[in-house]
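Coordinates in review
Read off the chains here:
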Amino acid sequence: MNINQSERLHNFSAGPATLPLAVIESVREELPLYPKVGASVMEISHRSPEYIEIESSARDRIRRLLGLTEDWHILFLGGGASMQFHQVPLNFLPSDGQAGYLLTGSWAKKAHAEAERVGQSRVIASSADKGFNYIPEPSSWDLDSNDAYVHYTSNNTIYGTQFQSTPNVDSPLVCDASSDFLSRPIDLEKYGLIYAGAQKNIGPSGVTVILVRDRFLQIRKQGLPTMLDYGTHAEKCFNTPPVFAVYMVEKVLRWLEDQGGISGIQATNRQKSNLLYTTIDETDFYRGTAQRESRSEMNVTFRLQREDLEQTFMDEATQNGLLALKGHRSVGGMRASIYNACSLESIQILVSFMKDFQQRNG
């Protein structure tokens, strides 16, 4: 029995986020009995040929989508992006060295705080002075070629900002790409490591994808705790991976290839965000909170001219099948998270509601 699309509401959750319906239907079909196995995928060994094939397929698809060469390791780890905040400096911040951090939101601040637990980390630039509503101009960055790496968060879910291009730095780049991973091409040349929690763009919660270049991996510190050493996981499957989450990621990657790969989904994402931002900018009834040149294509944050109407807006939106539009508790307002799997139809229906709400309350 297929899922009735009309019964699924329009989900703008920031994460865990909406998944492609085709993937959910495929999983439902296979969940009790994975093909040719006689058991659920949740019940089989992580060392079985069937699971090894799933994980290998997921790696192959990531390589194709991003154009990764063989010198990149692809790891599927637990602990979320928050674990990476500590694991990155633990592996790559020398005891007698330093690392640079670009602070453009709450998650970047958390990553920097973890690095400070390990060693010396510098703030290269920050947009805290304006409530993180912009990406600092590169000309203002305090760069130092002695930095072991430069860490940044490519998209900021809370504040609705996004780096529009790859930072041009001399040190290896480390990127938290959790909320825009596989939504647009990545210029890989400058990167040493990229990590992304799956639950926004490529799967359910429970797995984090780590891309680490081999030459960067080889300069990690020695004598690390076994489970926190990237080399442990690059060498072999050391412990039980998050099997079900990886299985889901592999299916989302298949779906992404069917959308025309990264170039195809980027075109759709731009169409979605342009439609929504145009509606916000048409009048002064709605007000985007991020500076225009820093706006995110993944998380659209906005307020109403009359903030006393915002709760009414969200209540009516929910009644009209538009879910999870409430902004992050730390900033308020509204936020539409429009990741890869959020359909253009959902954006069109949201825009229609916004125009109707404005007509009735403006």
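Here we come to the sheet that holds strand 11 (residues 286–288). Read from one edge to the other, the open sheet built from three strands follows the order 11-12-14, with strand pairing classed as antiparallel. This sheet does not close on itself; its edge strands, each paired only once, are strand 11 and strand 14 (334–337). In this sheet, adjacent strand axes meet at a mean angle of 35° when their direction is disregarded. Pairing between strand 11 and strand 12 (residues 299–304): three bridges, direction antiparallel. Note that in strand 12 the partner of Gly288 across the bridge is Phe302. Across the sheet, helix 8 (residues 261–281) is in contact with strand 11, strand 12 and strand 14; its angle to strand 12 comes to roughly 15°. Contacts from helix 10 (residues 344–361) reach strand 11, strand 12 and strand 14, with the element oriented near 130° to strand 11.

Axes are the key here: two packed helices are described by the angle between their axes and the distance separating the axes. Where helix 3 (residues 80–92) contacts helix 4 (residues 106–118), the axes come no closer than 8 Å and their chain directions differ by 40°. In this view, helix 3 runs oblique relative to helix 4, as classed from their interaxial angle. The crossing of helix 3 and helix 4 is right-handed. Here helix 3 contributes Phe85, His86, Pro89 and Leu90 to the contact with helix 4, which in turn contributes Trp107, Lys110, Ala111, Glu114, Ala115 and Val118.

What follows deals with the sheet that holds strand 4 (residues 120–126). Reading across the sheet, the seven strands line up as 2-10-9-8-5-3-4 and stay open at both edges, with mixed pairing between neighbours. Strands with a single pairing partner mark the edges of an open sheet, and in this sheet they are strand 2 (72–77) and strand 4. Each adjacent strand pair in this sheet contributes to an overall mean axis angle of 20°, direction not counted. Pairing of strand 3 (residues 98–103) with strand 5 (residues 147–153), which is carried by three bridges, proceeds in the parallel orientation. For Gly100, the partnering residue across the bridge sits in strand 5 and is Val150. Running at roughly 155° to strand 9 (residues 191–197), helix 3 makes contact with strand 2, strand 3, strand 5, strand 8 (173–176), strand 9 and strand 10 (208–213) of the sheet.

Calculation criteria
Residues numbered from 1 in each chain as written. Predicted model: local features only at pLDDT ≥ 70, side-chain atom pairs only at ≥ 80, totals over all residues. Heavy atoms only, no water. Pairing = 2+ DSSP bridges. Helix = DSSP H or I, 4+ residues; strand = E, 2+ residues; numbered from the N terminus. Axes fitted to C-alpha atoms, helices over the stretch in contact; angles between N-to-C directions. Contact = heavy atoms within 4.5 Å. Parallel < 35°, antiparallel > 145°, perpendicular 65-115°, else oblique. Left-handed = near helix turned anticlockwise from the far one by under 90°.

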